[in-house]
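# Structural characterization, general
Here is how the chains run, residue by residue.
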Amino acid sequence: HNKAIATTNSEIIINSVVILFITDLDELFFGILMVVNSRWVRRMSIQTTDPQEELANEISTLKAELGTSKEAIVRLTNEGVDLRERLSNIEAILENGGICFASF
């Protein structure tokens, strides 16, 4: 990350110091939270979801995505049919005007 935004060695050092400062702030805030409400921190830190519950949630999400994908496929299919009809109409108009296009 540093090399992506820094162009000189001094910029790399400055970016590193900023990252260290933010890390120290993070640790400080964590310590404050532990003093103020350690039970909440422990509860938020521990993964409390059941693996089967996670799988059930993932399956529900995938089913919803599948339904959305099916709707998109139907919509795109209908749009394709509509475009074919429009192309046929345009070809018919052009053929009547003396220009003929080969069918696809």
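Residues numbered from 1 in each chain as written. Predicted model: local features only at pLDDT ≥ 70, side-chain atom pairs only at ≥ 80, totals over all residues. Heavy atoms only, no water.

## Points about the overall build of the protein chain
The condition is simple: Going along the chain from the N terminus, every DSSP run of H or I of four or more residues is numbered as a helix, and every run of E of two or more is numbered as a strand. Partly exposed describes any residue whose relative accessible area lies between the buried limit of under 20% and the exposed limit of over 50%, with all areas from a 1.4 Å probe on protein chains only and scaled to the type maximum. Each accessible area is a Shrake-Rupley estimate made with a 1.4 Å probe; only the visible protein chains count as cover when residues are assessed.
When helices and strands are tallied, the protein chain shows three helices and zero strands. Secondary structure of the protein chain in N-to-C order comes out as α-α-α. Counting the 104 residues in the protein chain, one finds 5% classified as buried. Just so you have it, the protein chain exposes about 9400 Å², and 63% of that area is on carbon and sulfur atoms.

## Digging into the confidence of the model for the protein chain
Just so we agree on the cut-off: Confidence per residue, as judged by the predictor, is encoded in pLDDT with a range of 0 to 100.
On average, residues of the protein chain score 83 in pLDDT, and 87% of them are at 70 or above. At the low end of the mean pLDDT range in the protein chain sits helix α1 (residues 2-5), at 60; at the high end sits helix α2 (residues 9-45), at 88.

## Observations regarding α2
Here is the rule: Here, expected helix span is obtained from the residue count minus one, scaled by 1.5 Å. The angle between axes fitted to the seven-residue stretch ending at a residue and the seven-residue stretch beginning at it gives the bend at that residue.
Taking 1.5 Å per residue as the helical rise, α2 with its 37 residues ought to reach 54 Å, whereas the 37 Å between its terminal C-alpha atoms falls clearly short. Most pronounced at Asn37, the bend in α2 amounts to some 120°.

## As for the pattern of salt bridges
As a reminder, the rule being used: The term salt bridge refers to a pairing of a side-chain nitrogen on Lys or Arg with a carboxyl oxygen on Asp or Glu at a separation within 4 Å.
Under the counting rule described, the total for this entry stands at two salt bridges. Notably, a salt bridge pairs Arg86 with Asp82, separated by 3.4 Å at the nearest N-O pair. Taken together, the residues Arg86 and Asp82, both in helix α3 (residues 51-96) and four residues apart, mark about one turn of the helix.

## Brief notes about a negative patch on the surface
What counts, and what does not: Patch membership requires more than 30% relative accessible area and the absence of a salt bridge. Residues of like charge join within 9 Å; the nonpolar side chains Val, Leu, Ile, Met, Phe, Trp and Tyr join within 5 Å. Asp and Glu count as negative and Lys and Arg as positive, but His and the ends of the chain are not part of the count. Note that the charge is assigned to NZ on lysines, CZ on arginines, CG on aspartates and CD on glutamates.
The grouping of Asp50, Glu53, Glu54 and Glu58 at the surface amounts to a negative patch. With respect to the element layout, Glu54 can be found in helix α3. You can call Glu54 partly exposed: its relative accessible area is 36%.

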